[in-house]
Structures are given as C-alpha cells and as structure tokens.
Amino acid sequence: MKTPKKTARDHKDSAAVGWCAVHEKRSYDSRKRARNAIRQINGERMRAYACDAVDGQFHIGHLPDNVRRGAITAPEVYRP
Ligand SMILES: [Zn+2]
C-alpha cells in the first residue's frame, strides 16, 4: 500500500531562509543553519561564512582565495 506523496510545498528547503542578491547565493540566518545545510550536501567540501553585505546573514560555499586569506590571516599576521 502506497503512502500519499507530499506536496512540493511540504518538501521545500527549510534550511535556506533567503536569497542574497549581492553574492547570488542562498542565505541563512545563522551559522548553525548554514552548517546544517552543508551536512545535507555530503561530498562537497564547503564552509559556512558570514555574508559581508548583510549583517547576520550566512552563506555556504567555497571562498575565493583572496577573501579567505584576507578574512582569516590578516588581523593575526599584521599586528600593530
Ligand atoms: Zn551575501
């Protein structure tokens, strides 16, 4: 006996909460949600990072090398 299929609306991506027009990516309202979305995309080496255009918004994906270097190492390497 088959169970009735759920509608497309019931199956929407509950983790994504918006769309960032600046970066043309899905956006999430917390790093935790972004990480959770990454776990559902098994096989891809992705990371959650804060959107630099909208406060409190997060994306998942591969950072460009220059952004990654600047965002992570600059404050630690170039101490005043
Ligand atoms: Zn963004």
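Residues numbered from 1 in each chain as written. Predicted model: local features only at pLDDT ≥ 70, side-chain atom pairs only at ≥ 80, totals over all residues.

J.: Help me understand the overall build of the protein chain, please; the structure alone is not making it clear to me.
T.: For the protein chain, the count of helices and strands is three helices and four strands. For the protein chain, the sequential pattern of α-helices and β-strands runs β-β-α-β-β-α-α. For the protein chain, buried positions account for 10% of its 80 residues. Here the analysis covers contacts within the protein chain between residues at least 6 apart in sequence; of these, 38% occur between residues at least 24 apart. (Helix = DSSP H or I, 4+ residues; strand = E, 2+ residues; numbered from the N terminus. Buried ≥ 20, exposed ≤ 12 C-beta atoms within 10 Å, placed from the backbone. Contact = placed C-beta atoms within 7 Å.)

J.: Would you explain the environment of Ser-27 in this entry?
T.: With respect to the helices and strands, the residue Ser-27 is situated in strand E2 (residues 25–27). For Ser-27, a count of 22 C-beta atoms within 10 Å puts it in the buried group. Along the sequence, Ser-27 and His-59 sit 32 residues apart, while their C-alpha atoms lie 5.1 Å from each other. Among all residues touching Ser-27, those that are not within four sequence positions of it are Val-17, Gly-18, Trp-19, Cys-20, Cys-51, Gln-57, Phe-58 and His-59.

J.: I keep staring at the environment of Tyr-49 and nothing clicks. Help me out?
T.: Along the polypeptide, Tyr-49 turns up in strand E3 (residues 47–50). Taking the C-alpha atoms as reference points, Tyr-49 and Arg-31, separated by 18 residues in sequence, lie 7.1 Å from one another.

J.: Which parts of the structure should I look at to understand the nonpolar core?
T.: Inside soluble globular proteins, nonpolar side chains tend to come together where they are buried. Core analysis: the largest hydrophobic core is formed by five residues, namely Tyr-28, Ala-34, Ala-37, Phe-58 and Ile-60. The set of elements that each furnish at least two residues to this core consists of helix H1 (31–40) and strand E4 (58–61). (Core = buried A, V, L, I, M, F, W, Y, C linked by C-beta atoms within 7 Å.)

J.: I'm lost on unusual backbone geometry in this one. Help?
T.: The phi torsion at Glu-24 lies on the positive side, around 55°, for a residue other than glycine. Mapped onto the elements of the fold, Glu-24 is located in the loop between strand E1 (18–20) and E2. Its 7 C-beta neighbours within 10 Å are what place Glu-24 among the exposed residues.

J.: I would appreciate a short explanation of the environment of His-23 in the present structure.
T.: Positionally, His-23 belongs in the loop between E1 and E2. Classification of His-23 as partly exposed rests on a count of 15 C-beta atoms within 10 Å. Note: C-alpha distance between His-23 and Asp-52 (29 residues apart in sequence) is 9.5 Å. Here His-23 is in contact with Cys-51, Ala-53 and His-59, once residues within four sequence places are set aside.

J.: How should I be thinking about the confidence of the model for the protein chain in this particular structure?
T.: A low pLDDT score tells you not to read the predicted coordinates there in detail. Per-residue pLDDT for the protein chain has a mean of 73; in total, 54% of the residues score no lower than 70. In the model, residues 7–11 has pLDDT below 50 throughout and makes one contact with residues more than four positions away in sequence or in other chains. The low-confidence segment residues 73–79 (pLDDT under 50) makes zero contacts with residues lying over four places distant or belonging to another chain. (pLDDT = per-residue confidence, 0-100.)

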